Amino acid sequence: MVRRNDERRGALVDAAIEVLAKEGARGLTFRAVDAEAAVPAGTASNYFTNRDHLLTQAGVRVYERLQPDEATIARQRASTPDRETYAALMRELVGRISAFRAGYLALLELRLEATRRPELRALLTERVRADIDANVAYHEESGLPGDATAVRLLYLALNWIIVEQLTLPDVFSDAEREQLVTAAVERIVTP
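Residues numbered from 1 in each chain as written. Predicted model: local features only at pLDDT ≥ 70, side-chain atom pairs only at ≥ 80, totals over all residues. Heavy atoms only, no water.

Here the focus is the overall build of the chain. Secondary structure summary: the chain contains 10 helices and zero strands in total. Projected onto its principal axes, the C-alpha coordinates of the chain cover approximately 55 × 35 × 30 Å. Burial statistics for the chain: of 191 residues in total, 38% are counted as buried. Residue pairs in contact within the chain that sit at least 24 positions apart in sequence constitute 69% of those at least 6 positions apart. Looking at the chain as shown, the accessible area adds up to about 10800 Å², and 53% of this sits on carbon and sulfur atoms. Across the chain, the mean location of the 25 positive side-chain charges is 5 Å away from that of the 29 negative side-chain charges. (Helix = DSSP H or I, 4+ residues; strand = E, 2+ residues; numbered from the N terminus. Buried < 20%, exposed > 50% of the residue type's maximum accessible area, 1.4 Å probe, protein only. Contact = heavy atoms within 4.5 Å. Areas by Shrake-Rupley, 256 points an atom, 1.4 Å probe, with all protein chains shown as cover. Lys, Arg positive; Asp, Glu negative; His and termini not counted. Charge placed at Lys NZ, Arg CZ, Asp CG, Glu CD.)

This brings us to the packing of helix 5 (residues 70-78) against helix 8 (residues 118-142). Look at helix 5 against helix 8: their axes get within 11 Å of each other, and the N-to-C directions meet at 40 degrees. Of the possible angle classes, the one that applies to helix 5 and helix 8 is oblique. For the pair helix 5 and helix 8, the sense of crossing is right-handed. Only Tyr 138, Glu 141 and Ser 142 of helix 8 make contact with helix 5, whose side of the interface consists of Ile 73, Gln 76 and Arg 77. Looking at side-chain class alone, the contact of helix 5 with helix 8 contains two nonpolar, two polar and two charged residues. (Axes fitted to C-alpha atoms, helices over the stretch in contact; angles between N-to-C directions. Parallel < 35°, antiparallel > 145°, perpendicular 65-115°, else oblique. Left-handed = near helix turned anticlockwise from the far one by under 90°. Nonpolar A, V, L, I, M, F, W, Y, C, P; charged D, E, K, R; others polar.)

With that out of the way, let us pick up the layout of surface pockets. The space that makes up the largest pocket amounts to roughly 1000 Å³. Taken together, 36 residues line the largest pocket, and the ones lying closest to its centre are Leu 93, Arg 96, Ile 97, Asp 131 and Asn 135. Elements that contribute at least two residues to the lining of the largest pocket include exactly helix 4 (51-66), helix 5, helix 6 (83-99), helix 7 (101-114), helix 8 and helix 9 (148-167). (1 Å grid on protein atoms, 1.4 Å probe; cavity = no way out; pocket = protein on both sides within 12 Å on 5 of 7 lines; lining within 4 Å. Points joined across faces, edges and corners; volume = space filled by probe spheres on them.)

Attention now goes to the pattern of salt bridges. Applying the stated criterion across every chain yields a total of 12 salt bridges. Across the salt bridge formed by Arg 75 and Glu 92, the nearest N and O atoms sit 2.5 Å from each other. Taken together, the residues Arg 75 in helix 5 and Glu 92 in helix 6 connect sequence positions 17 residues apart. Arg 75 sits in the partly exposed class, given a relative accessible area of 44%. (Salt bridge = Lys/Arg side-chain N within 4 Å of Asp/Glu carboxyl O.)

Formed by 53 residues in total, the largest nonpolar core has its most connected members in Ile 17, Leu 20, Leu 28, Val 33, Tyr 86 and Met 90. Secondary-structure elements contributing two or more residues to this core are helix 1 (6-23), helix 3 (43-47), helix 4, helix 6, helix 7, helix 8, helix 9 and helix 10 (174-188). Among the elements that take part in this core, helix 9 stands out by supplying nine residues, more than any other. (Core = buried A, V, L, I, M, F, W, Y, C linked by side-chain atoms within 4.5 Å.)

In the contact formed by helix 4 and helix 8, the axes pass within 10 Å of each other and the chain directions differ by 10 degrees. Our classification of the angle between helix 4 and helix 8 gives roughly parallel. Each of Leu 55, Thr 56 and Tyr 63 in helix 4 lies in contact with helix 8, whose residues at this interface are Leu 120, Leu 123, Arg 127, Val 128 and Asp 131. Among the residues making up the contact of helix 4 with helix 8, the classes are represented as five nonpolar, one polar and two charged.

A few words now on unusual backbone geometry. Negative phi characterises most residues that are not glycine, and trans characterises most peptide bonds. Even without being glycine, Ala 38 reaches a positive phi, approximately 55 degrees. With respect to the helices and strands, the residue Ala 38 is situated in the loop between helix 2 (30-37) and helix 3. Take Ala 38: its relative accessible area is 67%, and that puts it in the exposed class.

By themselves, these are just geometric observations and shouldn't be taken as functional.
What follows is the structure in structure tokens.
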């Protein structure tokens, strides 16, 4: 039987994200999640039907936590829709995602696990595709320069900048990463 205490469920999913980031997908067990969440043994198994259910819930939660807050969206909408604003928005995006290190590393683990689990692959494909489509739609309504292809190219480029920052942080300095994000916008986004 799956329990409905939303606060406890959220804490368990957040613990699963931490376990994924620290131990990888193979380390994600109910016991490891219980230990990370500091709850009695067996608690996670009362909230999730199986490990796949826990994996998918972790993926959903990461995306929830990566969404920009209303203040960020309002500030962007009030800005001039030009490449300088676009570059600032992308630098902020890289910063926000990088600040949630465990979440992004957990997503990388989920992507690797998806190569072996067709159901997880289908769920992640649907979620990532919806996220990209939402970014393209937001971009088009915002009046920022560039087209849908520019949004997709920036998605691909910035993802690798984030991977580099989180896995090998000494390859580029913070200043170099900011310059690279700005250069990506300047070279990919045409007025």
